[in-house]
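# Descriptive analysis of the structure
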2 protein chains.
Amino acid sequence: MSPRNGLDLHTVLQAAAEMADSQGLDEITLASLAQKLDIKSPSLYNHVNGLPGLRKKLAVYGLDQLLDVMTRAAVGQSGAAAVHAISEAYISFARTHPGLYDATLRAPDAADTEIQKVGGDIVDLAVRVLHAYDLKGDAAIHVVRGLRSLLHGFASLEQRGGFGLLLDLDVSFRLLIDTFLAGIEAMKQNSETIAKPEL
Amino acid sequence: MSPRNGLDLHTVLQAAAEMADSQGLDEITLASLAQKLDIKSPSLYNHVNGLPGLRKKLAVYGLDQLLDVMTRAAVGQSGAAAVHAISEAYISFARTHPGLYDATLRAPDAADTEIQKVGGDIVDLAVRVLHAYDLKGDAAIHVVRGLRSLLHGFASLEQRGGFGLLLDLDVSFRLLIDTFLAGIEAMKQNSETIAKPEL
DNA sequence: TTATATTAACTAATGATATTAGTTTTATCA
DNA sequence: TGATAAAACTAATATCATTAGTTAATATAA
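What comes next is a walk through the structure. (Residues numbered from 1 in each chain as written. Chains lettered and ligands numbered in written order. Predicted model: local features only at pLDDT ≥ 70, side-chain atom pairs only at ≥ 80, totals over all residues. Heavy atoms only, no water.)

## Notes on the protein's contact with DNA strand D
- Every one of the 25 residues lining DNA strand D counts as a neighbour, but K40 and H47 of chain A together with P3, L30 and Y45 of chain B are closest to it.
- Among the atoms of DNA strand D close to the protein, meaning within 4 Å, 67% are from sugar or phosphate groups.
- Within the contact set of DNA strand D, a phosphate oxygen lies 2.7 Å away from a backbone nitrogen or oxygen of L7 of chain A.
- A31 of chain B is positioned with one of its backbone polar atoms (N or O) 2.8 Å from a phosphate oxygen of DNA strand D.
- Those elements that provide at least two residues to the surface near DNA strand D are α2 (30-37) and α3 (50-74) of chain B.
- Among the elements that take part in the surface near DNA strand D, α3 of chain B stands out by supplying 3 residues, more than any other.
- Each residue belonging to the surface near DNA strand D can be placed in one class, and the counts come to 12 nonpolar, 10 polar and 3 charged. (Near = heavy atom within 4 Å. Polar contact = N/O pair within 3.5 Å; in protein donor to acceptor, adjacent residues only side chain to side chain. Helix = DSSP H or I, 4+ residues; strand = E, 2+ residues; numbered from the N terminus. Nonpolar A, V, L, I, M, F, W, Y, C, P; charged D, E, K, R; others polar.)

Following this line, the structure appears as structure tokens:
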């Protein structure tokens with residue numbers, strides 16, 4: 001295929017992801033990555049458009065994996081169980097791949113087409129999973145925004161050690177999802193009985 | 001006071017915060033900050049322990065302000081209104097000071113005493129505000145963790161352009177808080193009638 | 001008022017980094 | 001076998017953070 005058998009992009013991203021997970025996203029420099037790959041740093045420009053380009057590709061690489069684990073967690077599940085399943089998959093990914101997860105959210109340009117694409121796929125998955133809650137009109141989008149906020153917020157704070165260690169984090173997490181789902185049900189009741197609550 | 005009338009730490013942090021808000025946290029370099037302050041970059045070491053020291057002090061500076069606006073929003077409020085008040089204050093701070101807000105969460109060392117202190121004060125405020133919900137035992141801590149996750153997640157995703165622009169973000173946000181509060185009420189009902197739901 | 005001590009500024013130097021330009025090597029394909 | 005294309009390389013530059021050592025200014029003590 002290629003006129004020369006060097007590294008391929010996947011190898012580069014895999015190495016970068018490993019570095020990010022073990023040492024933190026900010027420790028990835030072209031110099032350190034090149035050293036890990038046994039090449040000189042300018043050679044990386046054959047695979048990636050400088051440091052910003054690497055960060056962007058790493059973000060897409062991470063989002064692809066996140067979508068994958070969430071999708072697989074969702075199959076065969078429905079209703080509350082499905083929401084829990086994708087949520088656990090999300091948080092588990094963030095825990096197992098802290099640096100890569102970080103990369104998905106610190107992309108140089110969030111408006112990038114490729115990133116929007118995968119991000120949209122994840123949102124679509126969430127919409128499908130929440131379909132069982134039979135949300136009318138805009139409500140589905142609002143609820144997906146809420147679920148994303150909660151998942152990302154929990155993952156991010158946990159990663160940064162923002163929570164004390166007094167209480168089991170898994171309990172907090174499951175309770176948070178349950179509370180959110182109970183809230184959706186309760187709000188639905190309200191909107192059926194009363195026209196407009198107070199919002 | 002001082003044997004020489006140079007800059008003081010507050011001026012340095014104020015300038016850094018302005019830079020962070022207008023250009024992003026990562027654009028703060030000792031070189032660029034020094035230029036803004038009309039000094040040479042090594043002079044900054046008289047005020048701050050290098051770049052990591054600057055980032056840490058900026059984090060504390062931001063957390064102090066965040067605690068302040070949240071505290072002031074809470075006075076005279078109670079129950080759901082109080083939760084909404086501190087939540088709006090939180091999100092408003094993140095919107096008005098995107099770079100400084102970022103700094104509060106990307107401190108070099110989250111375990112730092114000073115950061116833990118202010119962070120703890122914010123948690124205490126949230127606990128007091130949620131006191132009206134009469135949560136028993138560990139529940140209060142779990143709920144505060146949940147609220148923080150919501151707030152940070154929403155603020156962070158909004159800042160990174162993670163949400164589409166189809167729907168009003170303020171509506172999503174208020175709905176999210178309402179859903180969470182409705183969930184707390186619903187969960188409370190359950191735990192009163194049933195011994196252990198399924199969790 | 002004057003001298004001293006303290007502090008904040010400075011210059012100079014070093015090492016690491018990203019990035020660009022231009023060159024060499026090597027595998028594939030005609 | 002030879003041309004091509006891709007991926008490595010070397011060399012060079014600019015920007016940083018950081019350290020060491022120096023100079024200047026000011027509050028306080030004499």
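## Here we look at the protein's contact with DNA strand C
- Near DNA strand C you find 25 residues, and of these R4 of chain A together with L7, K40, S43 and H47 of chain B are the closest.
- Counting only atoms of DNA strand C within 4 Å of the protein, the sugar-phosphate share comes to 65%.
- The contact in question runs from a phosphate oxygen of DNA strand C to an N or O atom on the side chain of S43 of chain B, over 2.7 Å.
- For DNA strand C, a base nitrogen lies 2.9 Å from a polar atom in the side chain of N46 of chain B.
- Within the residue set of the surface near DNA strand C, elements represented by two or more residues are α2 (30-37) and α3 (50-74) of chain A.
- The element that contributes the greatest number of residues to the surface near DNA strand C is α3 of chain A, accounting for 3 residues.
- Its residues assigned to classes, the surface near DNA strand C comprises 12 nonpolar, 10 polar and 3 charged.

## Let's talk about the interface of chain A and chain B
- Chain A puts 39 residues into the contact, and the matching count from chain B is 39 residues.
- Of the roughly 3700 Å² buried between chain A and chain B, counting both surfaces, carbon and sulfur atoms make up 68%.
- Where chain A packs against chain B, one counts 0 salt bridges.
- Where chain A packs against chain B, one counts 14 residue pairs in polar contact (both at pLDDT 80 or more).
- Ranked by the residues each element gives to the side of chain A that touches chain B, the list is headed by helix α8 (residues 169-193) of chain A, at 14 residues.
- Residues belonging to the side of chain A that touches chain B are distributed by class as follows: 20 nonpolar, 11 polar and 8 charged. (Contact = heavy atoms within 4.5 Å. Buried area = accessible area lost by both parts, 1.4 Å probe. Salt bridge = Lys/Arg side-chain N within 4 Å of Asp/Glu carboxyl O.)

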